[in-house]
Protein chains: 4
Amino acid sequence: MGLEDLKKGKRELIMEAAIKVFSRKGYNYTKMEEIAIEAGIGKGTIYEYFASKLQLLQEILERSFQLYHQKMVEEIQSSICFKDKIRILVEAHFKFCQENKELTSILFWNIDYIDEELRAWGYQKQAEKERHLREFIQMGIDNGEIRPVDTKLMAVILGGILGSIWVPLVIEGWEVDKNTAAEQITQIIMNGIGN
Amino acid sequence: MGLEDLKKGKRELIMEAAIKVFSRKGYNYTKMEEIAIEAGIGKGTIYEYFASKLQLLQEILERSFQLYHQKMVEEIQSSICFKDKIRILVEAHFKFCQENKELTSILFWNIDYIDEELRAWGYQKQAEKERHLREFIQMGIDNGEIRPVDTKLMAVILGGILGSIWVPLVIEGWEVDKNTAAEQITQIIMNGIGN
Amino acid sequence: MGLEDLKKGKRELIMEAAIKVFSRKGYNYTKMEEIAIEAGIGKGTIYEYFASKLQLLQEILERSFQLYHQKMVEEIQSSICFKDKIRILVEAHFKFCQENKELTSILFWNIDYIDEELRAWGYQKQAEKERHLREFIQMGIDNGEIRPVDTKLMAVILGGILGSIWVPLVIEGWEVDKNTAAEQITQIIMNGIGN
Amino acid sequence: MGLEDLKKGKRELIMEAAIKVFSRKGYNYTKMEEIAIEAGIGKGTIYEYFASKLQLLQEILERSFQLYHQKMVEEIQSSICFKDKIRILVEAHFKFCQENKELTSILFWNIDYIDEELRAWGYQKQAEKERHLREFIQMGIDNGEIRPVDTKLMAVILGGILGSIWVPLVIEGWEVDKNTAAEQITQIIMNGIGN
DNA sequence: TATGAATGAGAATTCATTCAT
DNA sequence: TATGAATGAATTCTCATTCAT
């Protein structure tokens, strides 16, 4: 165990190990022992910090979602104009995916089918995400920067784009410059719905 | 066993039952017995037609993918102009999702993490899908109907939109008119990348 | 189905097929379907002639045991002197093993552990075999041709020799002239216990 | 769990339980749970020590074979004269069978038909055993203590005698003094092949 | 607090046997 | 009589979780 591990709590250590293994094998094919080995601790220790495998996943998702959401909100606020916000959002999303490849591949999983008990939670988060996007889009409409599109539809579209762009980045190792790509996506969206 | 079941082969019957249960519970949480019950047959009978649970899923995916792909290709060919093609594609996608809700929720699963052995297959299909979309977009570029965008990026975007639109349709039961939505999406895309 | 099969009853046909497969795979690893295929008939047909897999084996063993026993007795009676009887017995045993390789490898199985239900039967047959051998040996003693050895021990020895000689013959394909070998075995035994 | 069990490793405990149940029921009719119950442990625990049912058997056989072989070799070396070696071998064999009844009834099973995968192993061990016996007999010939018999045939005979003598001892509970019986068998063999 | 040996509920799969045709 | 599709009891093995140390 490195010095770094000592400072980071065990809890943190376990979560990071779990993210690695979950992203490699998927939730159902990950064994608690593998996580323990990855973390360099004993199997039983995980249960001192997390009640169950499912709860471990849930906590990872919860925290990651918050982290992601917070980063996106932070970035967006650095600009006033809607077009810039979009560009910055896409850029930030790219950045997040590239910097947190393992986490990303868990965060954008189709949670519904990982665990039945997670469904409700997943639906809620999904709804939350959609709500944020709709508010964001509504803001653009209110500002007169974009046309009065169906915010629901637009949220799904925007969410779909962001939610699928990670696959080539993380899985295929697509080498693309995040600024260029963000610029292109922004162009397409703004041309598509801009005033 | 109903009359309908007699006409449909057992194989078909089992696949349909499996689609229902898989879509309800997810692959890993589906027990072979549940499929058997859903099909109104004995557990052992499934194994007369499919070598294993995994193979049953694989066959469902393979067939569904073909069906989906074939339908999309068919529809697209009914028109010459790229814009119409886009609209028809989106419309057909909506139709497919609405008419095959259970199947859709399996087909757009993140196969990677359902079963390790399925990964290779999943990557291949994903690549295939992307290739088709890129060819389709390239055609639009060649026709001069759209700007010379990065086909890879655009394929990912288009795939992302289609691949996420099913969620509100199938899961939330979003009541949206497919023609209206298709028109809107087409508008956005064509504004975004049209010449 | 050949002409020969038509004359031989189905019952016979099934038993012969079963002997082949049993001897190849062992009782527990033989599937009823394999027997059916070997016999060129349907799986269900076996059950028209035999109540169960176990009974099929039992009948094979019963019949084979009788056949074997009868042959040995027949041969033995063709001679008066004990030494000749021994030689002829060993010769006949060799002949039986060489001519009925598949059957032999079933007949000399350690029945006890093939099927629990077969135990009692196996013990009984074993006892019968031993009794015959002891009578045979006693006769030699009474005739004054051999020394008054412990008939039980001698029966076990003789049975052990006969019961193990089949292995190299059937499994390894040991090429040995039955007359020579019989002569040698007889010599050893007669030297060993002769007067 | 008794005190004795604490000292003996779990591995040992499981093997002993397995020997008991295997010898009672035969390999195919033994359920892992029965072994666990016999050992007084949980079903899953067996798998902490043995990868599979087959491997458990294999290890038992391997170890027992070694133990048996070692004992026989040890005993034989305590004497120089061939006749004594034979007597001691037979005695030691009797002793082994009487002291390890359960193990014996497994060790002299017809492994071939217990499990297909075990065949190769069984053939190899059988060949090994035969080779040892042939060497042993050859030694007697070279010493001029016995006549130049066919060592292969003689090995089969000797192996057959030893390999069948356990049945009455273990199964029937034949009460025979090992010294007396060994003496008699030795007499027979030495008369049979001695110079 | 940390551990990993022990556990047993649970699930996929096999195959002898049945029975409608 | 012959068949083979259908069945489900039975069994191996897995792995999240517990708990004595």
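In the vicinity of DNA strand F lie 30 residues, with Lys10(B), Thr45(B), Tyr49(B), Lys10(C) and Thr45(C) positioned nearest. Those atoms of DNA strand F that come within 4 Å of the protein belong to sugar or phosphate at a rate of 67%. Within the backbone of Lys53(A), one N or O atom sits 2.9 Å away from a phosphate oxygen of DNA strand F. Contacts to DNA strand F include Tyr49(C), whose side-chain N or O atom sits 3.0 Å from a phosphate oxygen.

Below, the discussion takes up the relation of the copies chain A and chain B. Once turned by 179° and shifted 0.1 Å along the axis, chain A lies on chain B with an RMSD of 0.2 Å. The operation mapping one copy onto its partner corresponds to a two-fold rotation axis. Here 100% of the interface residues in chain A have copies in chain B that are interface residues too; the copies meet face to matching face.

Our focus in this paragraph is the relation of the copies chain C and chain D. Structural alignment of chain C on chain D gives an RMSD of 0.2 Å, achieved by rotating through 179° and translating 0.1 Å along the axis. Same-surface contact between copies: 100% of interface residues of chain C are shared with the interface of chain D.

Turning next to the interface of chain A and chain B. Quoted interface sizes are often the accessible area lost when the parts come together. At the interface, 43 residues of chain A touch 43 residues of chain B. Interface of chain A and chain B: buried area, both sides summed, is about 3600 Å²; carbon and sulfur atoms make up 62% of it. Notably, a salt bridge pairs Glu172(A) with Lys152(B), separated by 2.7 Å at the nearest N-O pair. For the pair chain A and chain B, the number of links is four residue pairs in polar contact (both at pLDDT 80 or more). Elements with a minimum of two residues in the side of chain A that touches chain B: helix H2 (10–25), helix H8 (119–142), helix H9 (151–172) and helix H10 (178–193) of chain A. When residues in the side of chain A that touches chain B are grouped by element, the largest group, 13 residues, is from H9(A). When its residues are assigned to classes, the side of chain A that touches chain B shows 22 nonpolar, ten polar and eleven charged.

Taken together, 30 residues lie near DNA strand E, and Lys10(A), Thr45(A), Lys10(D), Thr45(D) and Tyr49(D) sit nearest. For DNA strand E, the fraction of atoms within 4 Å of the protein that belong to sugar or phosphate moieties is 67%. With respect to DNA strand E, the backbone of Thr30(B) contributes an N or O atom lying 3.4 Å from a phosphate oxygen. Within the side chain of Lys31(B), one N or O atom sits 3.3 Å away from a phosphate oxygen of DNA strand E. Taken together, the residues that form the surface near DNA strand E break down as eight nonpolar, ten polar and twelve charged.

Conventions adopted
Within any chain, residue numbers begin from 1 and follow the written order of that chain's sequence. Labels follow written order: the first chain is A, the first ligand is 1, and so on. In keeping with the predicted nature of the model, local features appear solely for residues at pLDDT of at least 70, side-chain atom pairs appear and are counted solely at 80 or more, and the whole-chain, interface and lining totals rest on all residues. To obtain the side-chain values, all non-hydrogen atoms of the structure were included, while hydrogens and water were left out. Throughout, the term near means that a residue has one or more heavy atoms lying within 4 Å of the molecule or strand in question. N or O atoms closer than or at 3.5 Å make up a polar contact, with two conditions inside protein: a donor-capable atom paired with an acceptor-capable one, and, for residues adjacent in sequence, both atoms drawn from side chains. Our superposition of the copies is a least-squares fit, built on the C-alpha atoms of residues whose pLDDT is at least 70 in both. Working rule for contacts: check all heavy atoms of both residues, and any pair within 4.5 Å makes them a contact. Throughout, the accessible surface (probe 1.4 Å) given up by two parts as they are put together, summed over both, is called the buried area. Salt bridges are defined by distance alone: a side-chain nitrogen of Lys or Arg within 4 Å of a carboxyl oxygen of Asp or Glu. Helix numbers and strand numbers start at the N terminus; a helix is a DSSP run of H or I with at least 4 residues, a strand a run of E with at least 2. Ten residue types, Ala, Val, Leu, Ile, Met, Phe, Trp, Tyr, Cys and Pro, are classed as nonpolar, four, Asp, Glu, Lys and Arg, as charged, and the remainder, Gly among them, as polar.

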